[in-house]
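So you can see what is in the structure, the chains are spelled out below.
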Amino acid sequence: MTFYQNQKHFILFVCLVGVFVGGSISAQPHTPKRGTAERTAILDAVRFPLQAAVNQNVIFVVEHMKVEGNWAFLKATPQTKAGGPISYKGTKFAVDAEEADELTVALLQKRGGKWVAVSHAYFTTDVWWEGLWNEFPGCPRSIFP
């Protein structure tokens, strides 16, 4: 083989390695930017059940959101679209709202192209998610705080 042919093979090899390595690089944990479809879909998977339960529009102030592959972890505080506190009076959360932190925590998995909360809590007083990555095969530890 000539130098030119060896160089072509080397360049092809480098390109193929780049494709495989590049795929694994994109699987590193990241926080989706505001306004992206990914962030909205993750928040909606947790938002819609809460909105239905409190009969109010809800937005989240995100404290922690990490995504890696088909897994996401979220810690956020719910509030009204106007930025005020949610009224839980008369809802199934009325007692919890008085006794626990108003913190939404969820582990989500992307299934069939849709984000699904596989474990979540709308009020919490402890770090119940510690070790959760061991309960779900393939769930990366790196998405947790």
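Look up: the structure comes first, before these words.
Each chain has its residues counted from 1, following the order in which its sequence is written. Residue-level local features of this predicted model are given only where pLDDT is at least 70; pairs of side-chain atoms are given and counted only at 80 or more, and the full residue set underlies all totals for whole chains, interfaces and linings. Here the side-chain values reflect all heavy atoms present in the structure, with hydrogen atoms and water set aside.

A. Structural detail: the sheet that holds strand E2 (residues 71-80). One open sheet accounts for four strands, arranged E1-E2-E3-E4; its pairing is antiparallel. At either end of the open sheet lies a strand with only one pairing partner, and these are strand E1 (58-68) and strand E4 (114-121). Taking each pair of neighbouring strands and ignoring which way they run, the sheet shows an average axis angle of 30°. Relative to E2, E1 runs antiparallel, the two being bridged by ten bridges. Across the sheet, Ile59 pairs through a bridge with Gln79, a residue of E2. Should any heavy atoms of two residues lie within 4.5 Å, those residues are considered in contact. Here an angle of 0 to 180 degrees is reported between the N-to-C directions of two axes, which are lines fitted to C-alpha atoms, with helices fitted over the stretch in contact. Put simply, DSSP marks the helices as runs of H or I at least four residues long and the strands as runs of E at least two long, and each gets a number from the N terminus on. Contacting E1, E2, strand E3 (104-111) and E4, helix H2 (residues 37-54) crosses the sheet at an angle of about 140° to E1. DSSP calls a pair of strands paired once it identifies at least 2 bridges connecting them.

B. The arrangement of the packing of aromatic side chains in detail. Only rings of Phe, Tyr and Trp enter the pairing, Trp through its six-membered ring, and a pair is recorded when the two centres are within 6.5 Å. The plane angle decides the type: under 30 degrees is stacked, over 60 is edge-to-face, the rest tilted. As enumerated under the stated definition, the model contains nine aromatic pairs in all. When the ring of Phe93 is compared with that of Tyr122, the centres are 5.5 Å apart and the planes differ by 70°; the resulting orientation is edge-to-face. Linking Phe93 in the loop between E2 and helix H3 (94-99) with Tyr122 in the loop between E4 and helix H4 (132-135), this pair joins segments that are 29 residues apart in sequence. Think of it in three bands: residues with accessible area under 20% of the maximum for their type are buried, residues over 50% are exposed, and the middle band is partly exposed, with areas taken using a 1.4 Å probe on protein chains only. For Phe93, a relative accessible area of 8% translates into the label buried. Each member of the aromatic cluster is reached from another via a ring pair, and the members are Phe73, Trp128, Trp129, Trp133 and Phe144. For Arg141, the ring lying beneath its charged end belongs to Trp133, and the centroid distance is 4.2 Å. Criterion for a charge above a ring: Arg CZ or Lys NZ at most 6 Å from the ring centre, at most 35 degrees from the ring normal.

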